[in-house]
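Below are the chains, spelled out letter by letter.
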Amino acid sequence: MAFDRFRQHRVAVASVWVLAFLAVTAAAAPLLSPYDPERTNLLLIFEAPSWSHPMGTDSLGRDLATRILFGGRVSLALGILVVSLALTIGVSVGAVAGYYGRAADAVLMRIVDMMYSFPRLFLLILFAVLFGGKLITVVVVLGILSWMTTARLVRATFLSVKHREYVEAARALGARDREIVIRHILPNSVAPIIVAGTLGVAGAILAESTLSFLGLGVQPPTPTWGNMLKDAQSDMSVAPWTAVFPGFAIFLAIVSINFIGDGLRDALDPRHPTKRSVDHG
Amino acid sequence: MHRVTSYVLRRLVGAVPLLLGISVISFAILKAVPGGPLAAYEANPNITPEDIVRLERAFGLDQPFHVQYLTWFGRLLGGDWGHSYASSQPVLAMIGERLPNTLTLMGTVYVVTLLIAIPIGVATATRQYSRFDHLVTGGTFLAYSMPPFWLGLLLIILFGLQLRWLPLGGMTVPGATSFDLVDRLRHLVLPVTTLALFGTAHYVRYLRASMLETIGQDYLRTARAKGLGERIVILRHALRNASIPLVTVAALDLPELFVGALVTEQIFGWPGMGRLFWDAATRADYPVLMGILVVSATLVVLANLAADVLYAYLDPRIRFA
C-alpha cells in the first residue's frame, strides 16, 4: 500500500533512479574510467571538457569525471554510515527517555536541548580540528552531532503509545521491558524514523562536503566532492569546470535524496498529505 | 502585560541551567584537546619542558577541572573573556569588532528573505495545485538542496569573473577609508543571495503550508460571508494568523544563519563572526573559540525564548501558563 503511494510520486521515483545511477557508477568507477583518480599528469593541466575528458582536468592534470565517480564512493558511503550511527544513538536515547520517563527523560532531553543550542557546523569544525580528517573520525563526529531529531521523534511516539491498552496487555501477560519496547512500541516509530533517516543521508553528505570544502574533511589526494570544490576555489578563474561539476554532483545527490524523503513521507504518513511541505527543520 | 512579564522572567530562570550546561560543555570540549591547550608550544624547540610547566602554572592549567572551570566562568561573568593566544587581543573586543559585520549580513538576509518569501508563499497558497504552485514547490526543493558553497562559487564565476559586474569578495574596495553605501551594497549582493536562497525556500514552504491550513478555517468563511473582499480576507485575516508559526521559524533559524554565515563569510572573505571562528579553529586559539561558542549558544537559547514568548503573545489561544 505504502509502496503504491510512493510510486505515484513521480519525482520521487525518478529520484530513486538518479540516486541508483550515482551509486552504481560510483561503485563501478574503476570499470568505467580508464584513468587513475589520484595520478597526476602535468601535461594535461586544466584541459577543458572534451571527448577524452568529458568534465575536463584539474590543476594536476587529473580527470575530473573519474575523481567525481571515486568521490561519490566516499560521499554516499559516508552518508549511510553516519545515518546508521545517528539512528542507533537517536533510537536508543529516544526509547529510554520515552519509556522510562522521569529522571532519565529529563536528563536526556536536556542533553538534546544543549546539543541543539550549539550551531552544528561550529562543533563539527571544532571536532574535525581536534581529531583530524580521517574518514572514520568524520563519520563518528557527524553521527554524534546528528541523532537529536530522531531521539525526539522516537520519544514522542513512545509517550503517545506506552499507555495504550495493548501495551498494558503485553505487560500484564508478563512481557519484559525489552520485549515491550522492541516488539510493541518501536514499530510505531518506524515511519518517521525512515523519513528522518533518508533526509539525514542528505544532511550528512552536505555536512561532509562542507567540512571537506573548508579543508577539514577527508584529506587529499583521496577525492571527495567537497575537497574537489576546495581546490576549485583557487582554480575557477582559469578552469570554471573544476567548480561546476563536483558541486553539481553534490546537488544531484542531495536533491534526489530530498525528493525520495518527500515521497516516503507521503507514502508512510497518508493522514497528512498537506503537511508534506511543513517540517524539514 | 503583567502576566507576560512574569512568564518571561520564569522562562529566563528556566534557561539558566541550560546556559550553565552549555558553558560546562564548551569548556569541557576545549579541555579534551589531545595534548591540552599548550600542545602547540610543545612542538616549539625553543620552549623547554620547564617553560611549559611555568606556562601551565601561569594560565592556571595545573588546577583541577572544576577550579579551572569556575575561574573561567567567574571571569566570563565579569566581562574578562581572556586573550587570544594568536593576537593577544581581548576576546570580547575581538567578538565586538566582528559582530556588527555578521549582523549587517544576517540582517540584510532576513529582510530580503521575508520580502521575497511572504508574497510568494501567499500567492502559492491561494493558487494551490496551479502551474505556478507546482513551479514554486519544485523550485523550493531545488533551492533547498543547493549546497551554499557551490552556489557561492557559481555566483562568483558568473557575476565576478565572467561578467565582472560585482566584486569577488571582501566588505569594501581595498584601501577604502570612509563608509560608502553603494560600495557596501555591491559587496553585499553575492553573499546575501547565497544565504537568502535557502532561507526563502524554507519560508515559502512553511508559509504555504500554514496558509493552506488557515484558509480552510471557519472564520475565513465568516469573513467572506460578511462581504469582505478576497484581498482583505487573505491579507488581514489569513496571512496574519498564518504568519504566527513563521515567527517561531524565523527565531529558530538564527543558528542556521550563523552556520550559513561561516561558509559564506569564508567564500566571500566577509570579516564576520564565522570567519573569526574559522581562523581561531585553524590556529587552535581556544579562548576565542570558547567565547564564540558561549555567545552563539546563548543567542540560540534566547532566540528560542523570544520565539516562545512572541508565539504566545501573537496567538491569544496560548496561555502564559
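Residues numbered from 1 in each chain as written. Chains lettered and ligands numbered in written order. Predicted model: local features only at pLDDT ≥ 70, side-chain atom pairs only at ≥ 80, totals over all residues. Heavy atoms only, no water.

Colleague: Describe the nonpolar core, naming the residues involved and giving the relevant values.
Modeller: Counting 103 residues, the largest nonpolar core has Ile125(A), Leu229(A) and Phe277(B) as its most contacted members. Leu229(A) has contacts with Phe213(A), Thr242(A), Ala243(A), Pro246(A), Gly247(A), Ile250(A), Phe149(B), Trp150(B) and Leu153(B), leaving out every residue within four places of it along the chain. Counting residues in each nonpolar core, the second largest holds 20 residues, with Tyr110(B), Ala117(B), Ala238(B) and Ala250(B) among its members. (Core = buried A, V, L, I, M, F, W, Y, C linked by side-chain atoms within 4.5 Å. Buried < 20%, exposed > 50% of the residue type's maximum accessible area, 1.4 Å probe, protein only. Contact = heavy atoms within 4.5 Å.)

Colleague: An account of unusual backbone geometry is needed here, citing residue identities and associated values.
Modeller: For residues that are not glycine, phi is negative in most cases, and the peptide bond is trans in most cases. All names here are of chain B. Not every positive phi belongs to a glycine, and tyrosine 129 is a case in point at roughly 65°. With respect to the secondary-structure elements, tyrosine 129 resides in the loop between helix H5 (91–126) and helix H6 (131–144). Of the residues examined, tyrosine 129 reaches a relative accessible area of 57% and is grouped as exposed. (Helix = DSSP H or I, 4+ residues; strand = E, 2+ residues; numbered from the N terminus.)

Colleague: Mind laying out the pattern of salt bridges, listing which residues take part and the relevant values?
Modeller: Taken as a whole and assessed by the stated rule, the structure comprises nine salt bridges over all chains. For the salt bridge of Arg208(B) with Asp133(B), the shortest nitrogen-to-oxygen distance reads 2.8 Å. Residue Arg208(B) is located in helix H8 (residues 181–215), and its partner Asp133(B) is located in helix H6; the two are separated by 75 residues in the primary sequence. With respect to class, Arg208(B) is no different from Asp133(B); both count as buried. In this structure, Arg221(B) and Asp218(B) form a salt bridge, with 3.3 Å as the shortest nitrogen-oxygen distance. Taken as a pair, Arg221(B) and Asp218(B) lie in helix H9 (residues 218–225) at a separation of three residues, close to a single helical turn. For the pair Arg221(B) and Asp218(B), a shared accessibility class is recorded, and that class is exposed. In this structure, a network of salt bridges that share partners links the residues Arg110(A), Asp113(A) and Arg152(A). (Salt bridge = Lys/Arg side-chain N within 4 Å of Asp/Glu carboxyl O.)

Colleague: Pulling in residues and values, what's your account of the packing of helix H9 (residues 165–172) of chain A against helix H10 (residues 177–185) of chain A?
Modeller: All names here are of chain A. At a minimum axis separation of 11 Å, H9 and H10 run at an interaxial angle of 145°. As for the relative orientation of H9 and H10, their crossing is right-handed in sense. Across the interface between the two elements, Tyr166, Val167, Ala170 and Arg171 from H9 touch Ile180, His184 and Ile185 from H10. Partitioned by chemical class, the residues of the contact of H9 with H10 number five nonpolar, one polar and one charged. (Axes fitted to C-alpha atoms, helices over the stretch in contact; angles between N-to-C directions. Left-handed = near helix turned anticlockwise from the far one by under 90°. Nonpolar A, V, L, I, M, F, W, Y, C, P; charged D, E, K, R; others polar.)

Colleague: I'd like to hear about the environment of Ser210(B), residue by residue, with values.
Modeller: Residue and element names in this part refer to chain B. Checked against the element boundaries, serine 210 lands in helix H8. Among the residues examined, serine 210 registers a relative accessible area of 12% and is labelled buried. Not counting chain neighbours up to four residues away, the residues in contact with serine 210 comprise Ala242 and Pro245.

Colleague: Break down a nonpolar patch on the surface for me, with residues and values.
Modeller: On the surface, a cluster of nonpolar side chains totalling about 260 Å² of accessible area is made up of Leu42(A), Ile45(A) and Leu60(A). With respect to the helices and strands, Leu42(A) occurs in the loop between helix H3 (29–32) and helix H4 (64–100). (Patch = residues over 30% accessible without salt bridge, like charges linked within 9 Å, V, L, I, M, F, W, Y side chains within 5 Å. Areas by Shrake-Rupley, 256 points an atom, 1.4 Å probe, with all protein chains shown as cover.)

Colleague: Describe the interface of chain B and chain A, naming the residues involved and giving the relevant values.
Modeller: Taken together, the contact pairs 47 residues of chain B with 46 residues of chain A. Both sides together, the interface formed by chain B and chain A hides about 4200 Å², and carbon and sulfur atoms give 82% of it. Of all residues in chain B, Phe141(B), Phe149(B) and Trp150(B) give up the largest surface area on contact with chain A, accounting jointly for 16% of the area buried on that side. Taken together, chain B and chain A are joined by three residue pairs in polar contact (both at pLDDT 80 or more). Secondary structure elements with two or more residues in the side of chain B that touches chain A: helix H1 (2–31), H6, helix H7 (148–162), H8, helix H11 (254–268), helix H12 (273–282) and helix H13 (286–314) of chain B. For the side of chain B that touches chain A, the element with the highest residue contribution is H7(B), accounting for nine residues. Taken together, the residues of the side of chain B that touches chain A break down into 37 nonpolar, seven polar and three charged. (Buried area = accessible area lost by both parts, 1.4 Å probe. Polar contact = N/O pair within 3.5 Å; in protein donor to acceptor, adjacent residues only side chain to side chain.)

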